[in-house]
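# Residue-level structure breakdown
Now for the letters of each chain:
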Amino acid sequence: GGAGRPASEVGEATRAMYDGGVVHTSDLLARVFAALRLRGPLDRTVLVVVSDHGEAFYEHDQPTHGTALYEEQVRSLLMVRVPGAAARRVAAPVSLLDVAPLLLELLGLPAHGNFQGRGDILDEDYDGAARPLFFTIQGLTREDGLLLDDWKYQVNWDRRERRLSHLGRDPGELLDLAAAEPATARRLDALLLGLLERQLAYY
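Our subject in this report is the structure included herewith. Keep in mind that this is a model prediction, so the values were computed, not measured. (Residues numbered from 1 in each chain as written. Predicted model: local features only at pLDDT ≥ 70, side-chain atom pairs only at ≥ 80, totals over all residues. Heavy atoms only, no water.)

### Re the overall build of the protein chain
From N to C terminus, the protein chain includes four helices and eight strands. When its helices and strands are written in sequence order, the protein chain yields α-β-β-β-α-β-α-β-β-β-β-α. Across the 203 residues in the protein chain, those meeting the buried criterion constitute 32%. Considering only contacts in the protein chain between residues 6 or more positions apart, those separated by 24 or more positions represent 46%. (Helix = DSSP H or I, 4+ residues; strand = E, 2+ residues; numbered from the N terminus. Buried < 20%, exposed > 50% of the residue type's maximum accessible area, 1.4 Å probe, protein only. Contact = heavy atoms within 4.5 Å.)

Structure follows, in structure tokens:
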């Protein structure tokens, strides 16, 4: 219980518990990898470790996740181990929608026509430029957003709020540029609505 305690103190305690969970999960994954190595299939197995969201520790006066689409809640973990491939980091942004088409590509199988992700995110020439990335919350609040290069646009449907940020100039998302950049906000709003239509058409 954090009643009566400052948010920063509650956030530090929560972060410590979260870090403990990460260590525990890492230990469990190490046991899985060791078992695969011992039994032999590790060298012919593609391994994917993924999280479905990030976690907030009061960066925007928000705890946990599922409450907003700020970077601390949107950014998630995606690690892929491909047998025989050298270790490297993909700096360009990718989407969790890419996991299924990536796995199919690695297995030499065609992706389903309705997949919205990309299977080329491990290619050397993948850069993610001009690619809109969609994200959503459909739980504690209803909010949709997209990232296009350094521009990030969010719509909270419950509060009827729209927010525009530029992550290159403002990585902490402290400034709302929707009023100062109306043309960009309108362009990203139309793009977001188009992505939502594709989501509905998929289902």
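That covers the picture; the talk isn't over yet.
### Focus on helix α4 (residues 182-202)
For α4, which comprises 21 residues, the first-to-last C-alpha distance of 30 Å matches the rise-based estimate of 30 Å (1.5 Å per residue) to within 8%. Three or more residues of α4 are buried, namely Thr-184, Ala-185, Leu-188, Asp-189, Leu-192, Leu-195, Leu-196 and Gln-199. Burial along α4 is one-sided: seen end-on, the buried residues are contained in an arc of 130°. Opposite its buried face, α4 presents the exposed residues Arg-186, Ala-190, Glu-197 and Ala-201, each directed more than 90 degrees away. Tucked inside the fold, the buried residues of α4 contact β5 (133-138), β6 (142-148), β7 (151-156) and β8 (161-166). (Expected span 1.5 Å × (residues − 1). Arc of directions from axis to C-beta.)

### A few points about the pairing of β5
Here β5 pairs with β6 via six bridges, running antiparallel. Across the sheet, Gln-138 pairs through a bridge with Arg-142, a residue of β6. Hairpin remark: β5 followed by β6, antiparallel, with three residues in the connecting loop. (Pairing = 2+ DSSP bridges.)

### Let's talk about the pairing of β6
The element β6 is extensively covered by neighbouring structure, given that six of its seven residues are classed as buried. The pairing of β6 with β7 spans six bridges and is classified as antiparallel. If you follow Glu-143 over to β7, its bridge partner there is Asn-156.

### Some points on the nonpolar core
Phe-134, Leu-146, Trp-151, Tyr-153, Leu-164, Leu-188 and Leu-192 are the most contacted members of the largest nonpolar core, which has 13 residues in total. The set of elements that each furnish at least two residues to this core consists of β6, β7 and α4. Residue contacts for Leu-188: discarding those within four places in its chain leaves Leu-146, Leu-148, Trp-151, Tyr-153 and Leu-164. If you look at the next biggest cluster of nonpolar residues, it comprises six residues, including Leu-133, Phe-135, Ile-137 and Leu-167. (Core = buried A, V, L, I, M, F, W, Y, C linked by side-chain atoms within 4.5 Å.)

### Here's the deal with the environment of Arg-187
With respect to the helices, strands and loops of the structure, Arg-187 is situated in helix α4. The exposure class assigned to Arg-187 is partly exposed, which follows from its relative accessible area of 46%. For the pair Arg-187 and Tyr-153, spaced 34 residues apart in the sequence, the C-alpha separation amounts to 10.0 Å. Once you skip the residues sitting within four places of it in the chain, Arg-187 turns out to touch Leu-148 and Trp-151.

### As for the sheet that holds β8
Strand order across the open sheet formed by four strands is β5-β6-β7-β8, with antiparallel pairing between neighbours. Two strands close off the open sheet at either side, each with one partner strand: β5 and β8. Averaged over all neighbouring strand pairs, the angle between strand axes comes to 15°, with direction disregarded. (Axes fitted to C-alpha atoms, helices over the stretch in contact; angles between N-to-C directions.)

### Observations regarding a negative patch on the surface
Taken together, Glu-105, Asp-123, Asp-125, Asp-127, Asp-149 and Asp-150 make up a surface patch of like negative charges. Residue position: Asp-149 is located in the loop between β6 and β7. Residue classification places Asp-149 among the partly exposed positions, given a relative accessible area of 42%. (Patch = residues over 30% accessible without salt bridge, like charges linked within 9 Å, V, L, I, M, F, W, Y side chains within 5 Å. Areas by Shrake-Rupley, 256 points an atom, 1.4 Å probe, with all protein chains shown as cover. Salt bridge = Lys/Arg side-chain N within 4 Å of Asp/Glu carboxyl O. Lys, Arg positive; Asp, Glu negative; His and termini not counted. Charge placed at Lys NZ, Arg CZ, Asp CG, Glu CD.)

### Points about the pattern of salt bridges
For the structure shown, the criterion picks out 11 salt bridges. Between Arg-162 and Asp-189 there is a salt bridge, with its nearest N and O atoms 3.0 Å apart. One end of the pair, Arg-162, is in strand β8; the other, Asp-189, is in helix α4, with 27 residues separating them in the sequence. Residue classification places Asp-189 among the buried residues on the basis of a relative accessible area of 16%.

### Overview of the environment of Ala-129
Summarising the element assignment, Ala-129 is placed in the loop between α3 (99-106) and β5. Among the residues examined, Ala-129 registers a relative accessible area of 47% and is labelled partly exposed. With 73 residues separating them along the chain, Ala-129 and Tyr-202 place their C-alpha atoms 24 Å apart.

Take it as geometry only, folks, not as evidence of what the structure does.
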